[in-house]
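Below are the chains, spelled out letter by letter.
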Amino acid sequence: MDTTEIIIKPGASALHYWRDIWRYRELFFFLAWRDILVRYKQTAIGIAWSVLRPLATMLVFTVVFGKLAKLPSNGVPYPIMVYVAMLPWQFFANSLTESSNSLIDNANLLTKVYFPRLIVPAGSVIVGLVDFFISSVILGGLMVWYRFVPDSRIFLLPLFLIMAFMASFGAGLWLSALNVKYRDFRYVVPFLVQFGLYISPVGFSSSIVPADWRFLYFLNPMVGVIDGFRWAILGDAFPINWPGLSLSCFLVALVFVGGLFYFRRMERSFADVV
Amino acid sequence: MSTVISVENLGKKYLLKHQSSRQPYVALRDVLSDGIKNFGQRLLGRGNSSLSDPAQEEFWALKDVSFEVKQGDRIGIIGRNGAGKSTLLKILSRITEPTTGCVRIKGRVASLLEVGTGFHPELTGRENIFLNGAILGMSRAEIRKKFDEIVDFAEIEKFLDTPVKRYSSGMYVRLAFAVAAHLEPEILVVDEVLAVGDAQFQKKCLGKMEDVSTKEGRTVLFVSHNMAALRTLCTQAVEIEKGNIKFVGDVDAAVQRYLQNEHTSFVRRDHQKGNRFLQVSVIDAVGVPGETFTESNKMYLAVRVFIECPKDIHCGVTLYNSVNVPLISSCVLDTFGDMQAGVSNYTLQIPVELLHSGHYRVEGAIWDQYRVYDNSENLCNFSLVRNDSILEAKGTESRGFLRFPYDWRLETVRGDIAP
């Protein structure tokens with residue numbers, strides 16, 4: 001029998017928080033599992049949707065930026081260059097969209113059951129991650145098609161994936177908590193995602209940004225993530241800008257830690273406000 | 001027996017916003033504009049704290065609540081709607097934080113504040129059992145162990161792999177109950193969840209809960225308006241009124257006290273202005289108010305109201321039975337074109353012939369299309385004792401909430417013997 005004592009008093013929710021998260025890990029997986037299961041129920045082509053969307057965007061970008069605008073791709077096939085950036089971007093965009101609405105969508109749970117609220121947006125990011133792995137199959141296909149072989153740097157890719165995860169989760173924490181109180185963020189997020197696609201180097205290489213501005217360009221943390229992905233997969237054609245990457249890393253860490261603190265602070269009142 | 005829950009000076013404050021035109025949630029626009037306004041006022045040297053904001057009002061849903069629960073106790077929580085019962089349960093199950101005070105709980109708490117929390121319509125019965133179980137705090141191993149038992153209990157074997165959106169509402173509720181009934185935490189917190197579902201299944205669930213708690217010494221906190229259910233399931237009771245504890249002790253004493261303390265008639269004592277109820281009581285044919293009637297009495301509801309300006313004003317009453325089911329209702333405008341200005345008495349006959357023996361409550365409200373002027377969930381109460389039913393005299397419970405107002409007729413068929 002579990003004889004631990006729970007103490008409930010104003011402001012004391014922090015006491016066993018991290019242990020509780022561990023204890024509720026199964027619920028966390030169940031919520032992610034539910035979202036994945038439900039996602040493509042009653043759709044004709046099902047899971048193919050998570051492949052189709054980045055693929056279609058990639059084709060459009062290749063035609064518009066590669067063929068019409070004739071932007072450089074540093075010797076790498078344009079579709080591969082776009083798709084390598086598309087993967088982390090889609091992961092970020094999907095996770096952000098899903099997690100920012102996650103608390104409101106699960107309002108009935110928040111007001112009826114206790115669990116560490118953190119697992120709700122975290123579950124949404126996991127769903128985004130699953131989509132990421134599914135759509136990366138296409139990247140393999142593209143590489144075979146263009147006979148492109150990455151070098152050993154690809155083993156550093158997980159590091160950049162972690163960075164993408166932290167950026168998505170951190171921003172997701174901020175937006176989900178803000179969304180509970182200020183429903184305005186429901187309109188901010190789609191705009192942010194749409195806007196972000198163009199200010200991040202998804203359809204083009206960040207090398208076309210003038211050298212004087214390149215460091216500042218990394219103020220958008222997704223620039224660091226995308227450049228990291230390109231560097232790890234495509235190799236020397238896309239050299240990394242280390243000061244810029246450090247700036248992006250620092251900002252991701254800031255967003256993540258800030259998001260965590262803000263979420264924890266707001267969490268107590270979720271059930272009363274949502 | 002050791003103490004498993006101790007509650008000390010618990011309080012919960014809500015801020016009520018009186019802004020009917022605005023959305024229930026805060027929009028960033030309002031925060032920004034309010035912020036700028038406040039800033040501007042501070043610049044001009046006019047102090048304006050948010051406390052004096054007339055649009056906000058403090059409301060204590062619970063105040064200075066203290067009690068203790070020993071291991072194995074089965075405690076019923078009694079109180080009218082809005083007394084703070086649900087708030088108390090929400091604090092105990094850690095959904096919301098108290099404003100003051102402290103609670104100590106030893107053991108794993110599972111709360112059942114709603115049947116079928118987290119059920120997803122697109123998922124199948126099987127998937128929902130696992131999901132709902134996890135939400136209620138069961139581990140996967142635990143659910144797997146009890147899976148067959150749950151399916152048996154819910155009687156839905158055939159539909160296990162059908163999405164629950166295709167279930168009938170009865171099947172849905174049965175499945176939800178079945179998962180909940182197999183929870184085995186050390187402390188179980190249950191809100192009025194038995195109010196849905198058919199009577200037979202309710203009994204099955206109550207039986208299961210009683211089983212679990214008596215055999216295995218689990219602690220149960222149970223909120224219900226169903227006094228009969230409380231009496232069978234609980235040993236102790238806590239009565240809450242307007243956020244304060246009124247009584248702690250034996251369940252039978254508490255139920256009796258609670259029923260006695262209900263207003264048998266209503267007399268306005270506060271200083272409410274405007275359209276309002278002044279006095280409401282149940283009277284007999286000669287106008288004598290009472291609380292207990294038999295089927296041979298004629299009963300009337302006597303309502304004295306004050307109406308300022310009768311344009312489009314409605315005044316209505318609803319009769320509830322002891323398990324909180326609204327039975328019949330009526331509105332003054334059902335009879336009259338308009339209400340009368342000033343103080344007037346309206347009387348309405350209560351259809352005794354429709355009612356079984358039991359305890360009844362009258363709810364009433366005065367409203368127009370814009371606002372509610374006065375309302376009370378508990379204007380008055382009365383008991384009806386029927387002496388004409390042989391079935392009831394034998395102690396058999398009647399089926400249904402109402403009875404046929406007419407007598408059976410008998411016609412003897414002569415000379416024939418049934419084939």
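Definitions and limits used
- Residues numbered from 1 in each chain as written.
- Chains lettered and ligands numbered in written order.
- Predicted model: local features only at pLDDT ≥ 70, side-chain atom pairs only at ≥ 80, totals over all residues.
- Helix = DSSP H or I, 4+ residues; strand = E, 2+ residues; numbered from the N terminus.
- Contact = placed C-beta atoms within 7 Å.
- Nonpolar A, V, L, I, M, F, W, Y, C, P; charged D, E, K, R; others polar.
- Pairing = 2+ DSSP bridges.
- Core = buried A, V, L, I, M, F, W, Y, C linked by C-beta atoms within 7 Å.
- Buried ≥ 20, exposed ≤ 12 C-beta atoms within 10 Å, placed from the backbone.
- Domains from an automatic or database assignment.
- Axes fitted to C-alpha atoms, helices over the stretch in contact; angles between N-to-C directions.
- Parallel < 35°, antiparallel > 145°, perpendicular 65-115°, else oblique.
- Left-handed = near helix turned anticlockwise from the far one by under 90°.
- Expected span 1.5 Å × (residues − 1).

Chemist: Which residues make up the overall build of chain B, and what values do they have?
Modeler: Scanning chain B from terminus to terminus reveals nine helices and 18 strands. A separation of at least 24 residues holds for 71% of the contacts in chain B among residues at least 6 apart in sequence.

Chemist: So what's going on with the interface of chain B and chain A? Residues and values would help.
Modeler: Counting from both sides, the interface comprises 37 residues of chain B and, opposite them, 30 residues of chain A. Those elements that provide at least two residues to the side of chain B that touches chain A are β4 (100-106) and α3 (125-135) of chain B. For the side of chain B that touches chain A, a count of residues per class yields 16 nonpolar, 11 polar and 10 charged.

Chemist: Describe the sheet that holds strand β11 (residues 276-283) of chain B, with residues and values.
Modeler: Strand pairing in a sheet is mediated by backbone hydrogen bonds. Such pairs are either parallel or antiparallel. All names here are of chain B. Spatially, β10-β11-β13-β16 is the arrangement adopted by the four strands of the open sheet, whose pairing is antiparallel. Of all the strands in the sheet, just β10 (266-267) and β16 (342-350) have a single pairing partner and so form its edges. Summarising the sheet, strand β13 (residues 299-307) and β16 pair through nine bridges and their orientation is antiparallel. Note on β16: the bridge partner recorded for L301 is L348.

Chemist: Please provide a residue-by-residue account of the nonpolar core, values included.
Modeler: Core analysis: the biggest nonpolar cluster contains 150 residues, and V84 and A167 of chain A together with F222 of chain B have the highest contact counts within it. Ignoring any residue separated from it by four or fewer positions in sequence, one finds V84 of chain A in contact with L139, F229, R230, I233 and L234 of chain A. Residues V282, L301, Y320 and L379 of chain B belong to the second largest nonpolar core, which totals 26 residues.

Chemist: Can you explain the pairing of strand β9 (residues 244-250) of chain B? Please cite residues and give values.
Modeler: Residue and element names in this part refer to chain B. Taken together, the six bridges between strand β8 (residues 236-241) and β9 define a ladder with antiparallel strand orientation. Bridging from a neighbouring strand, I240 pairs with I245 of β9. The antiparallel pairing of β8 with β9 creates a hairpin that spans two residues between the two strands, and K242 there sits at a positive phi of about 50°.

Chemist: Report on the domain arrangement of chain B, specifying residues and quantitative values.
Modeler: All names here are of chain B. Here chain B is described as being made up of domain 1 (60-261) and domain 2 (266-393). Centre-to-centre separation of domain 1 and domain 2, based on C-alpha positions: 33 Å. Listed as interface residues are seven residues of domain 1 and, on the opposing side, six residues of domain 2. A per-class count over the side of domain 1 that touches domain 2 returns three nonpolar, three polar and one charged.

Chemist: If you had to explain the packing of helix α4 (residues 78-105) of chain A against helix α6 (residues 119-145) of chain A to someone new, which residues and values would you point to?
Modeler: Residue and element names in this part refer to chain A. At their nearest, the axes of α4 and α6 sit 8 Å apart, and the two run at 165° to each other. Compared by their axis directions, α4 and α6 come out roughly antiparallel. Note on packing geometry: the crossing formed by α4 with α6 is right-handed. Residue classes in the contact of α4 with α6 are distributed as 17 nonpolar, nine polar and two charged.

Chemist: Can you lay out the sheet that holds β9 of chain B for me, pointing to particular residues and giving the numbers?
Modeler: Residue and element names in this part refer to chain B. Taken together, the six strands give an open sheet; going across it, the order is β5-β6-β7-β3-β8-β9, and neighbouring strands pair in mixed fashion. On the outer flanks of this sheet lie β5 (109-112) and β9, each paired with one strand and no other. Strand-to-strand twist of the sheet, defined as the mean angle between neighbouring strand axes without regard to direction, takes the value 15°. Examined bridge by bridge, β5 and strand β6 (residues 187-190) share four bridges and lie parallel to one another. The residue bridging A110 from the neighbouring strand is L188, located in β6. The sheet contacts of helix α2 (residues 85-92) involve β3 (74-78), β5, β6, β7 (219-223) and β8, and relative to β7 the element is tilted by about 150°.

Chemist: Give a detailed account of α2 of chain B, specifying residues and quantitative values.
Modeler: Residues and elements named next belong to chain B. Most of α2 is tucked away: seven of the eight residues are buried. When α2 is considered as a whole, its buried residues turn out to be K85, T87, L88, L89, K90, I91 and L92. Phi turns positive one or two residues past the end of α2, at R94, with a value near 65°.

Chemist: Please provide a residue-by-residue account of the pairing of strand β14 (residues 314-320) of chain B, values included.
Modeler: All names here are of chain B. For β14 and strand β17 (residues 358-367), the ladder comprises seven bridges, and the chain directions are antiparallel. Paired with Y320 across the two strands is R361, which belongs to β17. Bridge count between β14 and strand β15 (residues 326-331): five bridges; the pairing is antiparallel. When the sheet's bridge partners are listed, G316 is paired in β15 with C331. Hairpin connection, β14 to β15: the antiparallel pair is bridged by five residues, and N324 has positive phi, about 70°.

Chemist: Run through unusual backbone geometry, naming residues and quoting values.
Modeler: Residues other than glycine seldom take positive phi values, yet R147 of chain A does so here, at roughly 50°. Along the chain, R147 of chain A turns up in the loop between α6 and α7 (157-181). Residue class for R147 of chain A comes out exposed when judged on the 7 C-beta atoms lying within 10 Å of it. Phi at N9 of chain B is positive, roughly 45°, even though this residue is not glycine. Along the chain, N9 of chain B falls in strand β1 (residues 3-17).

Chemist: So what's going on with helix α10 (residues 221-234) of chain A? Residues and values would help.
Modeler: Residue and element names in this part refer to chain A. The first and last C-alpha atoms of α10 sit 20 Å apart over 14 residues, in line with the 20 Å expected at 1.5 Å per residue. Of all the 14 residues making up α10, 14 are buried; the element is thus mostly covered by neighbouring parts of the structure. After α10 finishes, the residue G235 shows a positive phi value of roughly 85°.

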